[in-house]
Each structure stands twice: as C-alpha cells, then as structure tokens.
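Architecture and fold: a report
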Amino acid sequence: MAQIHETEHQDYDVLVVGAGGAGLRAAIEATRRGLRTVIVTKSLLGKAHTVMAEGGVAAAMGNVYPEDSWQVHFRDTMRGGKMLNNYRMAELHAQESPDRVHELEAWGALFDRTPDGRILQRDFGGHRFARLAHVGDRTGLEMIRTLQQKVVSLGVDVVMECKVLRLVTDADGAIAGCVAYHRPTGGFVTFSAPAVVLATGGVGKSWKYTSNSWESTGDGHALALWAGAQLIDMEAIQFHPTGMVWPLSVRGLLVTEGVRGDGGVLRNSEGKRFMFNYVADMFRAETADSEEEADKWYDDHSAGRRPPELLPRDEVARAINTEVKAGRGTPHGGVFLDIASRRSPEFIKRRLPSMYHQFMELAGVDITTTSMEIGPTCHYIMGGVRVEADTEATSVPGLFAAGEVAGGMHGSNRLGGNSLSDLLVFGRRAGVGAADYVEGGKKAAPFDGAVVDATIDEATAPLAREVGENPYDVQRDLQELMQSNVGIIRTGSELADALTGLDRLSERTSNLAVRGGRAYNPGWNLATDLPSMLTVSRCTTLGAINRKESRGGHTREDFPTPDAELGKINFVHSQPSGGGYRGEIKTVPEPILEMPPELRALFEDAT
Amino acid sequence: MTDQATTGEQITLRVWRGDASGGAFEDYRVDKVEGEVVLDVVHRLQASQTPDLACRWNCKAGKCGSCSAEIDGRPRLMCMTRMDDLDANLVTVAPMRTFPIIRDLVTDVSFNYEVAKRVPAFSPPERPEGGYRMQQVDIERGQEFRKCIECFLCQDVCHVIRDHDDLKPRYAGPRFFIRYAELEMHPLDTNDRRQLVREREGLGLCNITKCCTEVCPEHIKITDNAIIPLKERVVGATYDPVAWLGRVVRRRKVRTTDEAAVQPAP
C-alpha cells in the first residue's frame, strides 16, 4: 500500500539498534565482512549504558591464578544463574571471552597490568578466581571507547539520537527494516535491512530506584515481541546489592562490586559483618565461616575460603533487604559498606577513583575515612529475547539479539563482570550470524506503507491531543507500581494487583497529551518510550506470577525456596495476535536446554 | 519526586530556551531540595512545569559526559554540580556556547565526531605468542587520557574553536590532542602522528592558556601532560637538530602527514 506520510529512507544490509558494547561489537563484525552496516542509537555515540560498568570484564585468562580455566568460569556462571542458564551460551561465553579481551587490547584498550606486564585480574562475587580484567573502576568506559574508536576507524555509519519505533516484517514474517525518528528534528526515517541486530540493553527505567539511565526502557525487548519473537525469563531481574541511598536524588546510583572485591565489607547498624549469617547451602562449602578466615583469603586464595560478602549478587541483595527490614539498617534505609577501616586511603584512591569522587562530590562523604550507605538497586535483566546460542538468531528470520536484551546466558542471576564479556562474545556472534544470514542471499522486502503510516500516526497522536495524560505522571506511577509490587521480594497478590495496575497504565498511555513540537522534545520522547516500558513490565509481572518459587533474581515470599521442577523450565512470552503494548501476551512453560553429560560432569566433581 | 527532603524554600532557575533561530532566558521558581544537583532540578522542571525543556543526559553519575552546560557562566556537567555549591537564590543554566544550538540546553556537537574520524587509530605490531606485555608504569599516562568522558567541555572553552570558525576545519582541539598524545605515548603503537598533528590538526594554534584543564570534570591535566609534551615531540620531529642527527644516524624517518593518515587493517 502506498505511504501517506513522507519519510527519509535509508538502505543497508545490517541494521544494529543500540550503540553499547554489544551493538558496536556486532557492527564491527558485520563491517569486516564487507556488509553495509548502520548503527542506530537513542543517544550520542559513546554514551551508552556500557560506560557505567565499573568493575571489570570476566575472562578466564589465568593471569593471576593459572589454575583458572573456561570450565571453572562456566561452572561459576551456571551456579550463579541457579542452573537456569542456556548452558550453550554459558559455555561459548566462558570459552571465547579471553580472546575477546585480547582483541580489545589489540584495538587500543589499556587494562591495568600484572607485575610481569600482563592483564591484571580482580576478584568479584561468585567467581572462584580473580578473573576480571579491569581499568581501575571505569572498565566500561575503556571498553566503549575502544569499540567506538574501532567502529569509527572502520567508517561504520552511525545515526545518533534516533529512536526505533517499530520493526517491519514482510509477508513471510521475515525482517524488512524499521521505522524510526531523529530526536533532534523529530523527522521520521525508514531503514531497509534484511538483518537487524537488537542490542538495546535493559529495562531498569520502569523501576523507581535503578542504576539505569533514561535509555533503559526495554525498547529491544518490546520491538522483538511485537515483531513475533519470544522473550524468556523476564521475571529474573537483578537488584544490585550496592546502590547509593543518600542523597535521595542519587538513590540507586551504582557502587561497584569492586569495593567488596578489594576488601570492603558489609556491616549493619550494630557494626556486625552480617553476611556470615546468610550463606546458602549451595555455597557453604566454599565460603569462610569466620572473619579471620575470610580476611586471609584476599591475599592468598588458598589460605582461606571466600568472604561471604562475595557471594552472588542475589544472595547479598536479599541479605541487605532482610537486615534493613529487621531494623538494623542505616539512618537512610541501607547498610554500611566499609572499606575505610580495611584499606589505606592511597589504595582506595588508586583502585576505586570513580567511587571516591562519586561519594565526595555527590554525597560529601570521604570513603577513605567513612563507611558508605548502600542498598539494593534495580540493575540488570537476565531475561530477554530468546536466541539460538551460536548465532543469536531469534525465531523471526533476520532478527538477532545480543547483550542485555538477549535472554538465557545468565539464567536467573548474573555474576558481576559477566555482562561486559557477554557483550563482546555475543555481540561478535550476532554480527557473524547477521552477516551469514545476509550472505545467504536474503534481500529486504519493500515496506508496506500502511504499516509506516500507522506507526507514525500512533507516535504523533499525543502531540495532537489537546487534553490527556502527562507522560511523566504515567512514568512515575509505573515506576512506583513496579518498585512496590514487582520489586526484590514478590508475592502472588501484589503481582496480581500489578497486572491490574498495568492495564490502567496502558489505558492512560493511549490517552497521552504532549505539549510542544517534535524537535528534541523530551516529553514526546518519553511518550514514545512508554509503550516499550509497559510491554516489558507486563512480561516481567507475568513471569513472576508463573514462577512459583524463589530462584536467583526472582524471590517469592509465598514460595520462598527453589522448586527443582521449575528449575527445568523457562517461561516463554509471545504475542501471537499482535496489538503492540495493548496486545495480549501469551506465557507458556518450556523445558530448558539439557546439558550434555561431559558438561554435567563438571558439577559432579566440584568442591 | 514527591518524597524528597524539601527545605520549604524556593529558588529561581534561569534557563535558556530557544532554538537555532533564537531564544532567551526564562525564569522558573522551584523548591529547594536537599542534596540535589542541577540536573535533578531540570528533571523536576520537565516533570512539572515544562515537559518540552530539552536537555541531553544519560548516566547522571559523571561517567558519560552528556549533560554539559554553562552553569552560572562556567562550563560544567549538570549531574555533578550540586545546587548547594551555587548561589542560593538564582542559578543560570545555558547551553554550551561554542556549538550550534539544537534546542534549549542541547547543542550540535557533531564537530567533535567529525574530528574523531580523522584520527588514525591505534596500530600495534602483530600479537606475539603469549600476548602483549606492558608495564603499569608505562601505561599510566595513557590511562589518564583515557579517563576522558567526551563531555566536550574542553572543546567548548577552547578559544580557537569558540572564536575562530575559519580555523576549525584544521584544528582538533584539546579532547583530540589528548587522544593523539595517548597514541603517541602508547608503548605498542607503531604509527607516528607528529607531523599530522602539526600540519593537519593545528597543534601549534594552541597557546596553552589551560582553560581546557580548568574545566575538565575528570581532572585530566590536558595542557601539562598532553599538549605540552606533544608540542615537544613535534618540535623534536621538525626542528631539533640533535634529533635530526639522531634520525640520520639511526636511519629513522619522521612519517609525513599522508603516511600517518592511514587506518589500521580491519
């Protein structure tokens, strides 16, 4: 059908949505294959959420502990994810991340060094050996800048400040391209491409206290679902144990796990190192049971077992939550993270420079002399678009997904440092997958003009409405709802209320009114983000209702323990009859991929 | 947010509103809230009084360099400027002056992305068996430059870019001088960009007034640690007779601009 609205049009072989680590890495790979590649990003190049990653990138290079290997990394990852992971993704990730880190070095990254000049690796929660390659506490910045500079040197086209509204598919359901708009002008643009790589990151902006930026609205999750792909494990949300709690304006801002890796400990208002009381059976054999033993471990991992502060993030976040609820929290409702009494000011400033400045400048706290007040903050979604492990292909032909937007790799809980390596390993694989698909001869079908028109009409409706809902009010109410009903501890009745609440918010979203024009109008931009936020919030809530157990980043007060049978299934969301954010979502259980015996054996002889 | 610790007092935020065709400052009365930064107040304005107020931001933690503006006349990050460090009654927020206005506080910083495309990227030797080796002490200066968050405040305040449109096509600016310095000082890099940075990127136009260093939110010593040493290296490659003799004896040639201006293999 002919198109009524005029749009700019661009033609490519591979369209990458998102310019964080995964998107950049995918684009590099597609470009190296000689394909016409474009990166479309909501922000400027180099500003994506990857810059916020602090602690490091996990890779079993064995530079500090030669006994480390991909097998140990694989096992740590699976156990951290409470065995819900797609084992094949975890396997590929553990095997390939060392090469991906070395590659970054060859592209100019300057990682901190060991005394003999190799890449230094630091300890992190859930990792048996010191495994995180890092640059002080700004590893994400180093990674994004390195990838950005590589992308620029390859001459890849980058369309900045451009928001994708909808993926367009052809009559057979295969990818044909997308409809988007330029934020600076508000002008609409259509991109034709037979292959699209989604690398849009997370969903945290739907919660009130989050370490995520405005961009993390779950666009890729929603675009995929609306286009016919499936989402899995959406209930698995990681609340990072250490976010700032004061001042309120920065509540949720991340405090790196590196503080604990480098010797920081958690204390309650009584000054007690409470984590010793929260060691789950699964981790008891390898966790220290006294402060003396734990403290020996930092210098020599064979002298004692691991400190309980370095348990996986879900364990630590729940423990903090319990301490605060029991009345042993700090004045501002967190607990204390103390490195001041344990390491010299010089050590702290050298190893954790960003944290030092962050607390000094935003809270007026000197972390070399004073404990930090911290509490859990919505940080990461383990769930996401269901992909084939080797190619990152979704069930929609031509659609690929990598990084946080993809599900499966991390199971029900992600270990720190595994996201940066995830971006590199699966970003590259998605680029390869997309390139193979395009080289297979697939061409993008011409667009149905009616689809483009409908997308534009829906996006611009709030600008035409004289009276209606303020998008900021709807966003605030959504954040309140998800924080209180689908937060760190969940129960069946609150989740049911959340669904009703989401219905009401969807109605309000179809009645938004926005003032001003289309050119760089944040109110309108938010209005176009709300549909994605609602879609992912609904999937998270549906997954949480169905998963009647507690596992990793999903804790049910009414089902407080894991259920072995539920540990063998993913809850899979799809939207068979379409309808966008107002459409019905179908949720069904499906068995997880079964691990072959040689990998299963790795868990049997584990100590 | 409604549960903030309001102090009961109000202040005036004077914000520049407009676009490429022109604009003016507008005053907004807002509650004073404990512990807030300028960006918080801008966000509260968007959520309450003026939803179409344009401002660029991402991380709100001083790590991404998106929310650059001129606050009370000084180039700063809105997310790292605490309200209680400013004049208690009136705070002025304007867009960066050097770059063309898009809308309100958002400017067109594409000049910087164009300069970035001209930088010949890192060019290491083939990776040896067992990997590259570098000592921490040899990479620390490079790491200082790589702290750069590309807020472009140094570019905003640099008088060559700010006041000399005619020079901009052949001037990289402080953000990219630290990039060139980083590559020059990288223990593994094999390219030689000294003539290139002199002839094509205008290093000589910088007269080391240190304004860039003063505004850097990452406290990078741009002038002392990057620009001055880079100038010295360029002098060594161009005018220094002792260095010239050394090159003749060791038969090492300074790469010309054209020789240096190549991107490494993909």
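Residues numbered from 1 in each chain as written. Chains lettered and ligands numbered in written order. Predicted model: local features only at pLDDT ≥ 70, side-chain atom pairs only at ≥ 80, totals over all residues.

A short note on the overall build of chain B
Assigned secondary structure in chain B consists of 11 helices and 7 strands. For chain B, the spread of C-alpha atoms along the principal axes amounts to about 75 × 45 × 35 Å. In chain B, which comprises 266 residues, the share counted as buried stands at 43%. Considering only contacts in chain B between residues 6 or more positions apart, those separated by 24 or more positions represent 66%. (Helix = DSSP H or I, 4+ residues; strand = E, 2+ residues; numbered from the N terminus. Buried ≥ 20, exposed ≤ 12 C-beta atoms within 10 Å, placed from the backbone. Contact = placed C-beta atoms within 7 Å.)

Examining the overall build of chain A
Helices and strands together make up the secondary structure of chain A, namely 17 helices and 20 strands. Taking 25 Å as the expected radius of gyration for a compact globule of 607 residues, we find that chain A reaches 23 Å, a close match to that expectation. Summarising its shape, the C-alpha atoms of chain A cover approximately 75 × 50 × 50 Å along the three principal directions. In chain A, buried positions account for 62% of the 607 residues. Here the contacts in chain A between residues at least 6 apart in sequence split such that 74% fall between residues at least 24 apart. (Rg over C-alpha atoms; globule rule 2.2 N^0.38 Å.)

Here we look at the interface of chain B and chain A
In this complex, chain B contributes 49 residues to the contact, which on the side of chain A involves 49 residues. Put simply, the parts of the chain that give the side of chain B that touches chain A at least two residues each are helix H1 (38-48), strand E6 (101-103), helix H2 (110-117) and helix H3 (136-145) of chain B. Partitioning the side of chain B that touches chain A into residue classes produces 24 nonpolar, 12 polar and 13 charged. (Nonpolar A, V, L, I, M, F, W, Y, C, P; charged D, E, K, R; others polar.)

Focus: the domain arrangement of chain B
For chain B, the assigned domains are domain 1 (6-107) and domain 2 (110-260). Considered class by class, the residues forming the side of domain 1 of chain B that touches domain 2 of chain B number 6 nonpolar, 4 polar and 2 charged. (Domains from an automatic or database assignment.)

Description of the sheet that holds strand E20 (residues 586-591) of chain A
All names here are of chain A. The 4 strands are arranged E17-E12-E19-E20 in an open sheet whose pairing can be described as antiparallel. The strands lining the two open edges of the sheet, one partner per strand, are strand E17 (384-385) and E20. Across the sheet, helix H16 (residues 522-546) is in contact with strand E12 (231-232), strand E19 (569-574) and E20; its angle to E19 comes to roughly 145°. (Pairing = 2+ DSSP bridges. Axes fitted to C-alpha atoms, helices over the stretch in contact; angles between N-to-C directions.)

Regarding the sheet that holds strand E13 (residues 237-244) of chain A
All names here are of chain A. Here 4 strands make up an open sheet; going across it, the order is E13-E16-E15-E14 and the pairing antiparallel. Each of the sheet's edge strands pairs with one partner strand only, and the pair in question is E13 and strand E14 (265-267). Taking each pair of neighbouring strands and ignoring which way they run, the sheet shows an average axis angle of 45°. With 6 bridges joining them, E13 and strand E16 (residues 372-381) adopt antiparallel strand pairing. For histidine 240, the partnering residue across the bridge sits in E16 and is threonine 377.

Describing the domain arrangement of chain A
Residues and elements named next belong to chain A. Domain boundaries in chain A define domain 1 (8-238 + 379-439), domain 2 (241-377) and domain 3 (459-591). When each unit is reduced to the centre of its C-alpha atoms, the spacing between domain 2 and domain 3 is 32 Å. Among the elements that line the side of domain 2 that touches domain 3, the one with the most residues is helix H9 (residues 313-325), at 4 residues. Of the residues that constitute the side of domain 2 that touches domain 3, the class distribution is 2 nonpolar, 1 polar and 2 charged.

Points about H9 of chain A
All names here are of chain A. The terminal C-alpha atoms of H9, which comprises 13 residues, lie 18 Å apart, in line with the 18 Å expected from a rise of 1.5 Å per residue. Counting buried residues along H9, 10 of its 13 residues qualify, which places the element largely inside the surrounding structure. Three or more residues of H9 are buried, namely Arg313, Asp314, Glu315, Val316, Ala317, Arg318, Ala319, Ile320, Asn321 and Glu323. Positive phi shows up at glycine 327, right after H9, with a value of about 85°. (Expected span 1.5 Å × (residues − 1).)

Some words on the packing of helix H6 (residues 174-185) of chain B against helix H9 (residues 222-238) of chain B
Residues and elements named next belong to chain B. Where H6 contacts H9, the two axes come as close as 9 Å, and the packing angle between them is 65°. Crossing of H6 over H9 shows left-handed handedness. For the pair H6 and H9, the contacting residues are Pro174, Phe177, Ile178, Tyr180, Ala181 and Glu184 in the first and Ile222, Ala226, Ile227, Pro229, Leu230 and Arg233 in the second. A breakdown of the residues in the contact of H6 with H9 according to their chemical character gives 10 nonpolar, no polar and 2 charged. (Left-handed = near helix turned anticlockwise from the far one by under 90°.)

Some words on the environment of phenylalanine 336 of chain A
All names here are of chain A. Of note, phenylalanine 336 is situated in strand E15 (residues 335-338). Residue phenylalanine 336 is classed as partly exposed on the basis of its C-beta count, with 19 C-beta atoms lying within 10 Å. Ignoring anything within four residues of it in the chain, the contact list for phenylalanine 336 reads Leu266, Arg267, Thr330, Ser371, Met372 and Glu373.

What about the confidence of the model for chain B?
In this model, chain B carries an average pLDDT of 94, and 98% of its residues clear a pLDDT of 70 or more. Overall fold confidence (pTM) sits at 0.96, and the ipTM for the predicted complex is 0.95. (pLDDT = per-residue confidence, 0-100.)

So, the packing of helix H1 (residues 21-32) of chain A against helix H4 (residues 139-153) of chain A
All names here are of chain A. One can describe the packing of H1 onto H4 by two numbers: an axis separation of 9 Å at closest approach and a directional angle of 30°. Classified by the angle between their axes, H1 and H4 sit roughly parallel to one another. Crossing of H1 over H4 shows left-handed handedness. For the pair H1 and H4, contact is made by Gly21, Leu24, Arg25, Ala27 and Ile28 and by Met143, Ile144, Leu147, Gln148, Lys150 and Val151, respectively. For the contact of H1 with H4, the residue count by class is 7 nonpolar, 2 polar and 2 charged. (Parallel < 35°, antiparallel > 145°, perpendicular 65-115°, else oblique.)

Describing the pairing of strand E11 (residues 195-198) of chain A
All names here are of chain A. The two faces of E11 match: Ala195 and Val197 on one face and Val196 and Leu198 on the other face are all buried. Summarising the sheet, strand E2 (residues 14-17) and E11 pair through 4 bridges and their orientation is parallel. Residue pairing in the sheet places valine 17 in a bridge with leucine 198 of E11. Pairing of E11 with strand E18 (residues 399-401) involves 3 bridges; the strand directions are parallel. Bridge assignment links valine 197 to a residue of E18, and that residue is phenylalanine 400.

As for the pairing of strand E8 (residues 162-169) of chain A
All names here are of chain A. Burial analysis of E8 places 8 of its 8 residues in the buried class, the great majority of the element. Across 7 bridges, the pairing between E8 and strand E9 (residues 175-182) is antiparallel. Residue pairing for E9: threonine 169 is matched across the bridge by isoleucine 175. In this structure, the hairpin formed by E8 and E9 is closed by a connection of 5 residues, where glycine 173 is found at a positive phi of approximately 85°.

Details of the nonpolar core
In this structure, Val14, Leu15, Val196, Val197, Leu198, Phe400 and Ala434 of chain A are the most contacted members of the largest nonpolar core, which totals 242 residues. Contact partners of valine 197 of chain A, with chain neighbours within four places excluded, come to Val14, Val16, Val17, Gly23, Ala26, Phe400, Ala402, Ala430, Gly431 and Ala434 of chain A. (Core = buried A, V, L, I, M, F, W, Y, C linked by C-beta atoms within 7 Å.)

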